[in-house]
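# Observations on the three-dimensional arrangement
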Amino acid sequence: MIPYIKYPDSNSFAQICQRPSLNAQSLDEIIEGIFKQVEIKSDQALRDFTLQFEKREIDSILYTEEEIKIFADQVPEALKQAIQQAYSNIYTFHKSQEFISQKTETSPGVICWQKASAIEKVGIYIPGGTAPLFSTILMLAIPAQIAGCREIVLCTPAIHPAIFYSAQLCGITKMAKVGGAQAIAALALGTESIPKVFKIFGPGNQYVTAAKMFANRKGVAIDMPAGPSEVAVYADSTANPAYVAADLLSQAEHGVDSQVFLVALDETFIFNVQEELERQVNVLERKDLAKMSLANSKIVLVKDRSEAVQLLNEYAAEHLILACEKPEELADNIYNAGSIFLGNYTPEAAGDYASGTNHTLPTNGFAKAYSGVNLGSFQKIITLQSISQSGLQHLGSSIIQMAEAESLQAHANAVAIRIKNPS
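Here's what I pulled together on the structure shown here. Along each chain, residues carry numbers from 1 onward, in the same order as the chain's sequence is written. At least 70 in pLDDT is required for a residue's local features to be given in this predicted model, at least 80 for side-chain atom pairs to be given and counted, and no such filter applies to totals for whole chains, interfaces and linings, which use all residues. With hydrogens and water excluded, all non-hydrogen atoms of the structure serve as input to the side-chain values.

### Focus on the side chain of Ser 377
Turning to its location among the elements, Ser 377 is positioned in the loop between α15 (348–353) and β14 (379–387). Whether two residues are in contact is decided by their heavy atoms, any of which lying within 4.5 Å being enough. For Ser 377, the residues in contact, after removing those within four places along its chain, are Ile 119, Lys 199, Phe 201 and Gly 372. For the purposes of this entry, the term helix denotes a DSSP run of H or I that reaches at least four residues, the term strand denotes a run of E that reaches at least two, and both are numbered from the N terminus.

Listed below in structure tokens is the structure:
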């Protein structure tokens, strides 16, 4: 079911770790056209694109508070309680990330420090499709709340009641009915109804991803470059094949372009996992999607734990499960991953929903350079400094010498004038 690679040479690790490719370049013309129409026609372009792409007519772009409440009230009580528990855990974990400012005297009379300042306006995109990702609203709006963002704008074509309940719970300030690349364009450019934001967050298909990258080139920040969902699992003899298969399928069911990646030390264990995959996939409602995803995935048999670590760091997984003996010890050697799940009782699904960590993570190997979303993603860190008269006297000579060596006379003079003529 999944392509199987046995004892590969380490020189082939980079090739093994390649993901299914997305041809973003071919989308650029389409995306540029959408942005131009939104810039020219504003809200009307959003109506037109919604009708063209989704066969859905919308009049007003934004939901009213009353409409949000009507949908939110339809959520069953048990699901409300589950969302509330997830909210509490996510809030607690992200609250613990609050920036602590500390003043430092770098030399006598020279005080430097930092402060965190919220990004004023942020946009959150939640796709429609077959899976209503209301959990992603929690993951993005909760840290935005804690950071103190003044405007949190949600764009989504989804109409599942839990979307509205989560938006209401998390303090979304505006909620728009639009989706796709046109929603990203609206957030990046602003329309009559949707304010221009300074940073855009959230998952989406290849059009949404390309639109976010296009917005980034236009000067609007984005959470991270992103691709389809993925999980890597490292398993030794202490792992449970049924658990491992379930974890692989939990990502495979996202879509045909998702990828799962199993690294194991024992061939018999791999065969057991394959048998479990065959059994478990056939009872899934989304089995057709999962089977196509598994065909794009890989199982790799390696010689030892050291080789597994090398391969996993090369893969740089969005989600990495260490189903093995002494997983924390192994995790110390992992430096490329979005989020790590330790042991046999820590499924990746826990992080997707309710343990408290954020599930918006770098994919497609970007974990080599990017972090997942956290409280700091919704803040800027501003440096401050205060220098006393005596402090400038002490430091001034070094500044003047360096400025003159760079032929920047005005820089040197800005210091010299204060030393020569103190007020």
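On we go from here.
### A look at the sheet that holds strand β10 (residues 259–264)
DSSP-based pairing: two strands are paired if at least 2 bridges between them are found. In space, the six strands of this open sheet follow the order β1-β11-β10-β9-β12-β13, with parallel pairing throughout. Across the chains shown, the open sheet's two edge strands, defined by having one partner strand only, are β1 (4–6) and β13 (337–342). If you compare each strand with its neighbour and ignore which way they point, the axes differ by 15 degrees on average. The pairing of β1 with strand β11 (residues 298–301) spans three bridges and is parallel. Paired with Ile 5 across the two strands is Val 300, which belongs to β11. The axes are straight lines fitted to the C-alpha atoms, using for helices just the contacting stretch, and the angles between their N-to-C directions are given from 0 to 180°.

### Focus on helix α17 (residues 409–420)
Note that an α-helix has 3.6 residues per turn; residues three or four places apart therefore point the same way. In this analysis, the expected span of each helix is defined as 1.5 Å times one less than the number of residues it contains. Across its 12 residues, α17 extends 16 Å between first and last C-alpha, which sits within 8% of the 16 Å expected from 1.5 Å per residue. The classification of residues rests on relative accessible area computed with a 1.4 Å probe and restricted to protein chains. Under 20% of the type maximum is buried, over 50% is exposed, and intermediate values are partly exposed. Every buried residue of α17 is listed here: Ala 412, Val 415 and Ala 416. End-on view of α17: buried residues confined to an arc of 100 degrees, all on one side of the axis. Among the exposed residues of α17, those pointing more than 90 degrees away from its buried face are Ala 410 and Arg 418. Those residues of α17 hidden inside the fold are in contact with α16 (389–405). Directions from the helix axis toward the C-beta atoms define the arc.

### A few points about the packing of helix α5 (residues 77–95) against helix α6 (residues 134–147)
α6 packs onto α5 with a crossing angle of 40 degrees between their chain directions and a minimal axis gap of 10 Å. As far as their axial angle goes, α6 and α5 are oblique. α5 and α6 meet at a crossing whose hand is right-handed. Between α5 and α6, the residues in contact are Leu 79, Ile 83, Ala 86, Tyr 87, Ile 90, Tyr 91, His 94 and Lys 95 and Phe 134, Leu 138, Met 139, Ile 142, Pro 143, Gln 145 and Ile 146, respectively. Each residue receives one of three labels: charged for Asp, Glu, Lys and Arg, nonpolar for Ala, Val, Leu, Ile, Met, Phe, Trp, Tyr, Cys and Pro, and polar for the others, Gly being one of them. A per-class count over the contact of α5 with α6 returns 12 nonpolar, two polar and one charged. Under this scheme an angle from 65 to 115 degrees is roughly perpendicular, one under 35 degrees roughly parallel, and one over 145 degrees roughly antiparallel; angles in between are oblique. The crossing is said to be left-handed when, going from far helix to near helix, the turn is anticlockwise and less than a right angle, and right-handed when the turn is clockwise.

### Observations regarding the packing of aromatic side chains
Side-chain rings of Phe, Tyr and Trp (the six-membered ring for Trp) are treated as a pair once their centres are within 6.5 Å; stacked means planes under 30 degrees apart, edge-to-face means over 60, and tilted covers the remaining angles. Tallied over the entire structure, the rule returns 11 aromatic pairs. Pairing Tyr 4 with Phe 271 gives two aromatic rings, centres 6.4 Å apart and planes at 80 degrees, and the pair type is edge-to-face. One end of the pair, Tyr 4, is in strand β1; the other, Phe 271, is in helix α11 (residues 267–281), with 267 residues separating them in the sequence. Owing to a relative accessible area of 29%, Tyr 4 belongs among the partly exposed residues under this scheme.

### What about unusual backbone geometry?
Notably, Lys 55 is not glycine yet its phi reads approximately 55 degrees, a positive angle. Summarising the element assignment, Lys 55 is placed in the loop between α3 (43–54) and α4 (65–72). With relative accessibility at 68%, the residue Lys 55 sits in the exposed group. Of note in the backbone geometry, Lys 326 takes a positive phi value of approximately 50 degrees without being a glycine. In this structure, Lys 326 sits in the loop between β12 (317–323) and α14 (327–331).

### Describing the pairing of strand β4 (residues 121–125)
β4 sits mainly inside the fold: four of its five residues count as buried. In the sheet, β4 pairs with strand β5 (residues 151–155) via five bridges, with the strands oriented parallel. Looking across to β5, one finds that Gly 123 is bridged to Val 153. Read as a crossover between parallel neighbours, the route from β4 over α6 to β5 is right-handed. Here, the term right-handed applies to a crossover whose path from the first strand over the helix to the second runs clockwise when the strands point away from the viewer.

### Observations regarding the nonpolar core
By nonpolar core we mean a set of buried residues, namely Ala, Val, Leu, Ile, Met, Phe, Trp, Tyr and Cys, connected to one another through side-chain atoms within 4.5 Å. With 40 residues, the main nonpolar core has Met 175 and Phe 378 as its most contacted residues. Those elements that provide at least two residues to this core are α4, α5, β4, α6, β5 and α7 (161–169). With 10 residues, the single largest contributor to this core is α6. The contact partners of Phe 378, leaving out residues within four places of it in the chain, are Ser 117, Ala 118, Ile 119, Val 122, Leu 140, Pro 143, Ala 144, Ala 147, Cys 149, Phe 201 and Val 373. One finds Ile 184, Leu 187, Ile 200 and Ala 211 within the second-largest nonpolar core, a separate group that totals 32 residues.

### So, the environment of Glu 67
Mapped onto the fold, Glu 67 is located in helix α4. On the basis of relative accessibility, which here comes to 28%, the residue Glu 67 falls in the partly exposed class. Aside from chain neighbours lying at most four places away, what touches Glu 67 is Leu 62 and Lys 177. For Glu 67, the side chain forms a polar contact with the main-chain nitrogen of Thr 64, separated by 2.8 Å. We call two N or O atoms a polar contact when they sit within 3.5 Å, provided that within protein one can donate a hydrogen and the other can accept it, with sequence-adjacent residues counted only if both atoms are side-chain atoms.

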